[in-house]
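# Breakdown of the fold
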Amino acid sequence: MKRLMQMFLRRLGSLIATLVVMSFIIFLLVEIMPGDVAQMILGQSATEEAVASLREARGLNDPLLERYGRWIKGVAVGDLGESIYMKGVSINSILWRKVGHSVILAMTAFIIFVPLSIFFGVLAGVKEKKPTDSIISFFGLATMALPEFVSGVILITVFAVQLDWFPIVSVIPIGESIWQNLNIVILPALSITFVMFGYISRMQRSSMITVMNSDYIRAATLKGMPRKYVIFRHALKNAMLPTITIIGMNMGWLFGGLVVVETLFGFPGMGSLLMTGIKTRDVPLIEACVLLITVIYSLSTMITDIMYSYLNPRIRYQGGQK
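Residues numbered from 1 in each chain as written. Predicted model: local features only at pLDDT ≥ 70, side-chain atom pairs only at ≥ 80, totals over all residues. Heavy atoms only, no water.

Our focus in this paragraph is unusual backbone geometry. Of note in the backbone geometry, Lys 129 takes a positive phi value of approximately 65 degrees without being a glycine. Using a relative accessible area of 74% as the deciding quantity, one classes Lys 129 as exposed. Backbone geometry at Asp 164 places phi at a positive 60 degrees, although glycine is not the residue there. By the element assignment, Asp 164 lies in the loop between α7 (148-162) and α8 (183-212). (Buried < 20%, exposed > 50% of the residue type's maximum accessible area, 1.4 Å probe, protein only. Helix = DSSP H or I, 4+ residues; strand = E, 2+ residues; numbered from the N terminus.)

On to the pattern of salt bridges, then. By the definition in use, this model includes 2 salt bridges. The closest approach of N and O atoms between Arg 70 and Glu 66, which form a salt bridge, is 3.6 Å. One end of the pair, Arg 70, and the other, Glu 66, are both in helix α4 (residues 64-76), 4 residues apart, so they sit about a helical turn from each other. In this structure Glu 66 comes out as partly exposed when scored by relative accessible area, which is 42%. (Salt bridge = Lys/Arg side-chain N within 4 Å of Asp/Glu carboxyl O.)

A few words now on α4. Helix length check: α4 (13 residues) gives 18 Å between terminal C-alpha atoms against 18 Å at 1.5 Å per residue, within 8%. Those residues of α4 lying buried are Arg 67, Tyr 68, Trp 71 and Gly 74. End-on view of α4: buried residues confined to an arc of 130 degrees, all on one side of the axis. Across from the buried face of α4, at angles greater than 90 degrees, the exposed residues are Leu 65, Lys 73 and Ala 76. (Expected span 1.5 Å × (residues − 1). Arc of directions from axis to C-beta.)

Put simply, helix α5 (residues 91-126) and helix α6 (residues 131-145) touch, their axes get as near as 8 Å, and they point 140 degrees apart. Comparing their axes, α6 and α5 come out oblique. Pair α5 / α6 crosses with left-handed handedness. On the side of α5, the interface is formed by Phe 120, Leu 123 and Ala 124, while α6 contributes Thr 132, Asp 133 and Ile 136. Tallied by class, residues from the contact of α5 with α6 come to 4 nonpolar, 1 polar and 1 charged. (Axes fitted to C-alpha atoms, helices over the stretch in contact; angles between N-to-C directions. Parallel < 35°, antiparallel > 145°, perpendicular 65-115°, else oblique. Left-handed = near helix turned anticlockwise from the far one by under 90°. Contact = heavy atoms within 4.5 Å. Nonpolar A, V, L, I, M, F, W, Y, C, P; charged D, E, K, R; others polar.)

Next up on the list: the environment of Tyr 85. With respect to the helices and strands, the residue Tyr 85 is situated in the loop between α4 and α5. Taking the C-alpha atoms as reference, Tyr 85 lies 9.0 Å from Thr 276; in sequence the two are 191 residues apart.

Here the focus is the nonpolar core. In terms of nonpolar packing, the biggest core is built from 64 residues, with Leu 95, Ile 192, Met 208 and Met 270 touching the most fellow members. The leading source of residues in this core is helix α10 (residues 227-265), at 15 residues. Apart from the residues lying within four places of it in its own chain, the contact partners of Leu 95 are Leu 80, Met 270, Leu 273, Ala 288, Cys 289 and Leu 292. (Core = buried A, V, L, I, M, F, W, Y, C linked by side-chain atoms within 4.5 Å.)

Here it is, written out as structure tokens:
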């Protein structure tokens, strides 16, 4: 437990350092985007004097490091600033509601693709070089090669247009909540599942084949243990370790990858909010969304690393040193 706590503290320190560096990079990249923030606020018909006055009032003429310091200081106390496009509306008041919608979408996709990917990955692994393995592997490769917007269009065409099982656009009616319209989550979640299925199932298959060919599995088989017992009691636990890593790493990608899916389906989540910020050159909104995605990705990576170290005795007994 002491070693695990030491490892956690090391990972936490590394996480904080990473976020500080990434926050500056995010701020710098957004700041050098083409366009004038003051001009965006006042509109194209504003005079040069009015634009210059607003730039001075908002501190846009201050040095870059000074502006970054003000921004990160606000972020540290939970103040993400005000939206330019939405005319001074607090970003906190709109972002967290959208994040909640994205979490629901991500968790729905997670509940679908993780069990399916692991099950078919294990099945392909134990049926190596057999027709079942070939079919699952082919489908996994096909889904990996299929971009989200392509699978999304196919899903919309089949299930929304042809069969009319789900709405074409994933919007929430005015005055209602997402919990009253959970059917709008299904098609975007399936679009994400197509992409994730290929990565996770193939990793599970590869890991399962390696474990099934190991000496201790052969010894258990030679002792006359039932094949199902050997697979589920001995092989699966060790074969899950690389898969857990892939799942954890992709949870961070999931929130970044939602931009394409949410934009395609019109889903009211963080991804579509980020796209709105990019289209309108809403600098504070872009910075807040990208920073939050970075935090989620970094946290998921750290948690995955700790879980892997805990589940793998060879790493745990070395104090987390790989």
